[in-house]
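Below, each chain spelled out in residue letters.
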Amino acid sequence: MCGIFGYIGKNSNASKEVLNGLRILEYRGYDSWGIATKTNKKFVIEKHVGKIDEAKTNSQFFDLLSTLSIGHTRWATHGGVTRENAHPHLDCSRTIALVHNGIVENYEEIKKQLVKRGHIFHSATDTEIIPHLIEEGMKTNGFATAVRDAFNQLEGMNAIVVAYAGSSEIIAAKTGSPLVIGKSKDALYIASDASSILPHTKNLLFLKDNTMAILGGKVEILSLPEGKKEKVKFETVSWEEETSTKGAFSHFMLKEIYEQPRIIRNIAKTYKDSVLDLAKTIKNAKGTFFIGAGTAAYAGIAGTYFFSKTAGKHVNMSFASEFTYLLDFLTSKSLIIALSQSGETIDVVEPLTQVKRKGGTIVALVNTQGSTIYRMSDKKLLLGAGIEQAVASTKAYTAKLSILLMIAYAMKHDVENASSQLMTTALEIERILKESKKLKPIVDILTRSEHIYVIGRGVSYSSALEAALKIKEITYIHAEGLAGGELKHGALALISKGTPCIVFAPNDETYQSIISNATEIKSRGGVIIGISPKKEAIFDHWIEVKDCQDAVSIAQIVPVQLLSYQIAVKKGFDPDKPRNLAKSVTVK
Ligand code: F6R
């Protein structure tokens, strides 16, 4: 999390260059933001709590003449959301400005030492120790050596970008979070992702872990911890700059929900060769694991059901953050399929680094070209969902399910069948979207609720998990997704008169059993919201989702995406940027 952007070049309005970069990076954190701009051998700092658009960005700060500036959008880890804790942070002399992504695990010990030496701190962050550590180093060394020595003392996975008022260089170093350098005719850029640099140049260098970069008249790369010179290799990428606007929609989330039929149709029509190729890779592997986090993990759970039912093939699924503890099962013949919208999630990147050491094969099913997971994988298949801007994932989720279903059918050479099911599903989603106003009475009930339960069986279990997550993250209502059969093993104790329960009851082998579970809830006073092709008498409210055969989990999540969106708006929350969350999770 946290977005870093730095500029050094001929344009004398460096602050605006950085501000524009931060706007693109704001998906990485929007608790607070700040910029340090070098002018007349000192730094002028602008910092704000909240989102960029909520602050005045026309202040005099943005008229300063400067050719060097660094900035940051923050997602708080150490220290609350305050102006003092916002980056950039400075040393005592206020001549070293630094932005940081990651967590300095040993910051307390270092801070104690620095306090003993008389350093004064103004924030509660781990970050602030770094410019002070560099300041100490500069008593005996030059800027670059002091940065290297300071960075080498930090434990954890970190990325820093730092500038010194007495130099016309920006220095970066990293052991974790992503940093990309861009070189245009007139400027050098450094940022947390390529998308914020692509409007300026396609000439990019992805900084490797355990290296540092010195950006000045030219770019130098040094290894860490030693400081040995490394080859400087820029690559010209062919990726198009992707931008996304809300268009006629009031929020990105709503727009992205409405984009789903088009994306699913595109997968149905154009992914046939790619999924056949992946099916071959899976057949040749000895042990396949899906890994992902949050919504992507739930797509992986759905994938295990697709593979079991359609391909008769056992695949394993693990939450990526837990996979690190299951690596003993891996061999060089193992296949890991990493699911990720951003392609940057640290919980996925970390175990993949270890898979690489063991020699296993990595396949990336990601939405972001050029992302860390994309680059570290042996095979990649882009989700083709286009930029997903809203923090709550919608279209990337249904794109993942569509591709996984296609692969499962490709395993038995029946990809045409999957493709035609997806075409039917896209039509059904369009119908659901057209009727979204009909959800209003259910929105009214759920908006008043403190707890919502969601149940499903088989592949609909993954729908229940994803539905509960969508509700939680943007409406702040407690929601719990459960396998229907698990209810009576504990959670039923929480059902009382009026407790709403969403029941996924598609036309498949789970139907009778899930209706029995709904009956158990109803007998305890629960209010049943059935999502099903049939209108069962037991439903207090019915949301129709027509039979989409094995693709049903793709269609039936859409009404819950809409419900969550409508509840969030009704409660006055911003569905695009829910509290405490960020779109790209690059810290552990
Ligand atoms: C929920 C959501 C998150 C992400 C998770 C993984 O709506 O968006 O749960 O799915 O943080 O992110 P990616 O897919 O970028 O790896």
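Our structure's up above, just so we're on the same page.
Right, let's walk through the structure included here. (Residues numbered from 1 in each chain as written. Predicted model: local features only at pLDDT ≥ 70, side-chain atom pairs only at ≥ 80, totals over all residues. Heavy atoms only, no water.)

What follows covers the site of the ligand. The immediate surroundings of the ligand are formed by 14 residues, with Ser340, Gln341, Ser342, Thr345 and Glu473 found nearest. Ser342 is positioned with one of its side-chain polar atoms (N or O) 2.6 Å from an oxygen atom of the ligand. Contact distances for the ligand include 2.9 Å between an oxygen atom and a backbone N or O atom of Ser393. If the ligand stood free it would expose 410 Å²; the protein chains cover 89% of that surface. Mapped by element, the contributors of at least two residues to the shell around the ligand are helix 8 (295-311) and helix 15 (459-475). (Near = heavy atom within 4 Å. Polar contact = N/O pair within 3.5 Å; in protein donor to acceptor, adjacent residues only side chain to side chain. Areas by Shrake-Rupley, 256 points an atom, 1.4 Å probe, with all protein chains shown as cover. Helix = DSSP H or I, 4+ residues; strand = E, 2+ residues; numbered from the N terminus.)

With an omega of 0 degrees, the peptide bond between His87 and Pro88 qualifies as cis. Residue Pro225 is reached from Leu224 by a cis peptide bond, and omega for that bond is 5 degrees. Relative to the elements of secondary structure, Pro225 occurs in the loop between strand 13 (219-223) and strand 14 (229-230). Non-glycine residue Asn210 carries a positive phi angle of around 60 degrees. Even without being a glycine, Tyr476 presents a positive backbone phi close to 60 degrees.

Once that is clear, we can look at the nonpolar core. Counting 87 residues, the largest nonpolar core has Phe306, Phe307, Leu365, Ile403, Ile407, Leu422 and Val454 as its most contacted members. Ranked by residues supplied to this core, first place goes to helix 12 (residues 395-411) with 13 residues. Two domains each provide a minimum of three residues to this core, namely domain 2 (247-434) and domain 3 (436-577). Setting aside chain neighbours within four positions, we find Leu365 in contact with Leu278, Ile337, Ala338, Leu339, Ser340, Leu381, Leu383, Ile403 and Leu404. If you look at the next biggest cluster of nonpolar residues, it comprises 27 residues, including Ala97, Ala165, Ile190 and Ile221. (Core = buried A, V, L, I, M, F, W, Y, C linked by side-chain atoms within 4.5 Å. Buried < 20%, exposed > 50% of the residue type's maximum accessible area, 1.4 Å probe, protein only. Domains from an automatic or database assignment. Contact = heavy atoms within 4.5 Å.)

With antiparallel pairing, 7 strands are arranged side by side in an open sheet as 5-6-7-8-12-13-14. Strand pairing shows two members of the sheet lacking a second neighbour, strand 5 (89-90) and strand 14, which therefore form its edges. Helix-sheet contacts for helix 3 (residues 129-137) involve strand 5, strand 6 (96-102) and strand 7 (158-164), and the interaxial angle to strand 6 is about 130 degrees. The sheet strands contacting helix 4 (residues 143-152) are strand 7, strand 8 (170-174) and strand 12 (211-215), and the helix crosses strand 7 at an angle near 155 degrees. (Pairing = 2+ DSSP bridges. Axes fitted to C-alpha atoms, helices over the stretch in contact; angles between N-to-C directions.)

Functional significance is not addressed by these values, which are geometric in nature.
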